[in-house]
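Listed below, chain by chain, are the residues.
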Amino acid sequence: MKSLEHILILVFAIFISEISAAKFVKSPTEITAIEGGMVMLRCRFTDGNSRLRRTWTNGTSVIYADATKYSFDPRITLDVNNAQEYSVQLNRITAYDEGKYTCTLYHGREMEMSINLKVNVPARFTSQVSQDLILDEGGKGALTCMATGKPEPKITWRHLVPSADGNRGTGPHLPLSGITREGAGIYECTADNKIAAPVTHRIRVIVRYPPELNMYKTDNDVSQALGQETVLQCTTSAVPVPSITWHHSGYVYEGKRPTNRIRVLNIKQGNTVTSKLIIKQVALDDFGNFVCVATNRMGTINTTVVLKRVIPEETRPPPHVVFAGFQNRANGQKSDKEDGDGNSGKSSIKIQTFTKLFAIFSPLLGLKIVTMFHI
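For every chain, the first residue of the written sequence is number 1, and numbering continues from 1 along that sequence. With the structure being a predicted model, the display of local features is reserved for residues of pLDDT at least 70 and the display and counting of side-chain atom pairs for 80 or more, all residues being used for whole-chain, interface and lining totals. With hydrogens and water set aside, each side-chain value is computed from the structure's full complement of heavy atoms.

Our next topic: the overall build of the chain. Going along the chain from the N terminus, every DSSP run of H or I of four or more residues is numbered as a helix, and every run of E of two or more is numbered as a strand. Along its length, the chain carries three helices and 26 strands. Counting across all 375 residues of the chain, residues that qualify as buried make up 34%. What makes two residues a contact is simply this: any of their non-hydrogen atoms within 4.5 Å. For the chain, the proportion of contacts with a sequence separation of at least 24, taken over those separated by at least 6, is 61%. Total accessible area computed for the chain in this model is approximately 23100 Å², and 53% of it derives from carbon and sulfur atoms. Buried, partly exposed and exposed residues are distinguished by accessible area as a fraction of the type maximum, computed with a 1.4 Å probe on protein chains only: under 20%, between the cut-offs, and over 50%, respectively. Per-residue accessibility takes into account occlusion by the displayed protein chains alone, with areas from the Shrake-Rupley method and a 1.4 Å probe.

Turning next to the side chain of Arg 54. Inspection of the secondary structure assignment puts Arg 54 in strand 5 (residues 53–58). As used throughout, the charge tally considers Lys and Arg to be positive and Asp and Glu to be negative, leaving His and the chain termini uncounted. Put simply, a salt bridge is a Lys or Arg side-chain nitrogen that is within 4 Å of an Asp or Glu carboxyl oxygen. Buried charge Arg 54 goes without a salt bridge, the closest partner of opposite sign being Asp 66 at 4.7 Å. Here the side chain of Arg 54 touches Asn 81 through a polar contact of 3.2 Å, side chain to side chain. By the criterion applied in these results, polar contacts are pairs of N or O atoms within 3.5 Å in which, for protein atoms, one can donate a hydrogen and the other can accept it, and in which residues neighboring in sequence qualify only through two side-chain atoms. A polar contact of 2.4 Å, which involves the side chain of Arg 54, links it to the backbone oxygen of Asn 82.

As a further point, take the pattern of salt bridges. Overall, the coordinates contain 15 salt bridges when judged by the stated rule. Between Arg 124 and Glu 35 there is a salt bridge, and its shortest N-O distance comes to 2.8 Å. Of this pair, Arg 124 sits in strand 11 (residues 110–129) while Glu 35 sits in the loop between strand 2 (30–34) and strand 3 (39–41), and the two are 89 residues apart along the sequence. Judged by its relative accessible area of 23%, Glu 35 is partly exposed. A salt bridge links Arg 202 to Glu 188, with the nearest nitrogen and oxygen atoms 3.0 Å apart. Here the residue Arg 202 occupies a position in strand 18 (residues 199–213), and Glu 188 occupies one in strand 17 (residues 185–192), the gap between them amounting to 14 residues. Overall, Arg 202 belongs to the exposed group, its relative accessible area being 55%. Owing to a relative accessible area of 7%, Glu 188 belongs among the buried residues under this scheme.

Any two cysteine sulfur atoms within 2.5 Å of one another count as a disulfide. All told, the structure shown has three disulfides when counted by the stated rule. With its sulfur 1.9 Å from that of its partner, Cys 145 forms a disulfide with Cys 189. Disulfide Cys 145-Cys 189: the torsion about the S-S bond is -60 degrees, which places it as left-handed. On the criterion of sequence distance, the pair formed by Cys 145 in strand 13 (residues 141–150) and Cys 189 in strand 17 is long-range, its members being 44 residues apart. The side chain of Cys 234 participates in a disulfide bridge whose partner is Cys 292; the two sulfur atoms lie 1.9 Å from each other. One end of the pair, Cys 234, is in strand 20 (residues 230–239); the other, Cys 292, is in strand 25 (residues 288–296), and 58 residues separate them in sequence. Across this residue pair, the class does not change: Cys 234 and Cys 292 are buried. With its bonded cysteines labelled in order along the sequence, the chain shows the pairing 1-2, 3-4, 5-6.

The next thing to look at is the sheet that holds strand 3. Strand pairing requires that DSSP identify at least two bridges connecting the strands. Ordered by their spatial adjacency, three strands build an open sheet running 3-9-8, and the pairing between neighbours is antiparallel. Single-partner strands in this sheet number two, and they are strand 3 and strand 8 (76–81). This sheet shows a mean twist of 25 degrees between the axes of neighbouring strands, independent of strand direction. With five bridges joining them, strand 8 and strand 9 (residues 86–90) adopt antiparallel strand pairing. For Thr 77, the partnering residue across the bridge sits in strand 9 and is Gln 89. All axes here are fitted lines through C-alpha atoms, helices being fitted over the stretch that makes contact, and every angle between N-to-C directions spans 0 to 180 degrees.

Here the focus is the sheet that holds strand 21 (residues 243–248). Pairing within the open sheet is mixed, and its five strands lie in the order 19-26-25-21-22. Of all the strands in the sheet, just strand 19 (221–225) and strand 22 (251–253) have a single pairing partner and so form its edges. Pairs of neighbouring strands in the sheet enclose a mean axial angle of 25 degrees, with direction left out of account. Of the pairings in the sheet, the one linking strand 19 to strand 26 (residues 299–310) comprises five bridges and is parallel in character. Following the sheet pairing, Val 222 is matched in strand 26 by Leu 307.

Before going further, it helps to examine the pairing of strand 13. Relative to strand 13, strand 11 runs antiparallel, the two being bridged by four bridges. By the bridge assignment, Phe 125 is partnered in strand 13 with Ala 147. Two strands pair when backbone bridges link them, and strand 13 and strand 16 (residues 173–176) are joined in this way by four bridges, in the antiparallel orientation. Bridging from a neighbouring strand, Thr 144 pairs with His 173 of strand 16.

What follows deals with the pairing of strand 26. Bridge count between strand 25 and strand 26: nine bridges; the pairing is antiparallel. Counterpart to Cys 292 in the pairing with strand 26 is Thr 303.

Put into structure tokens, the structure is as follows:
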């Protein structure tokens, strides 16, 4: 009987020595990981042995018991299982993996070591982000960029186009009040929580306004001679881009319907349209007022271009050439009596003709008749 007692005492002593000998190696009680990454949960102890029962749990759920896996999550694997370590690995971490993980050793009594896992989530936008926005000039609206992440991301706004002008505001909403055409362009919201690279979203803001004339590139009047080619021009800008027509004497001219002599060429550059009315050969009916009309859904504007007729001056030789030629012609003729060929009548007619022409043109040329011819 005493021998049995001695055996039991010996076994109990060995058991107590094994349990008291096993101690956890000091390790971090909190680990921070990034979503999508990997983390190792290490459970290390000294003076242990292979007979120590062990488990990993997450809350009340058993992940591993010894080498047996109880979790159905394929992302979790048993990495080390020996007399000094019992560690598991988590792959492709998500925010739902955050929590308390406990390593427990069993040998008559329990020894626990817990690790609190925190998961940081990079900033990302939700579905609540503004798409392209159209506003009328003077109107109001707001841009929205909602983002999530851990820690909570900070959202900032910039107006990138036509020119970056620094920070326009912070927070998920950017109000636009009394907007002008200069407020149109590309806006960018940025969400950043310093966990990963910032994320950005761009929104195009379109501001509509009625047509306006560019007087520096619009004709007031154009002068041209009959039968010549001429071009009338007016330039306007608007959003949406305006349509332009020309009106004259009840006729309407536009780019889609050219005539044999008249056509319209509209040149678009951004929000600006330069319209050219091209008349191939100016006719009498073309002189007068041409009205350029620009229209979009926001309004209409018009301007008048006057086509004036120019009468070219007649080409005349210099006065001294006319007089000298006339005098030489007169002095070079023979009298009727001296003309033996019977051409006295022809000479007389020529002299009379020159005399009359000289009399007609000399007042216009500022000359005085200094020689008289008698036939």
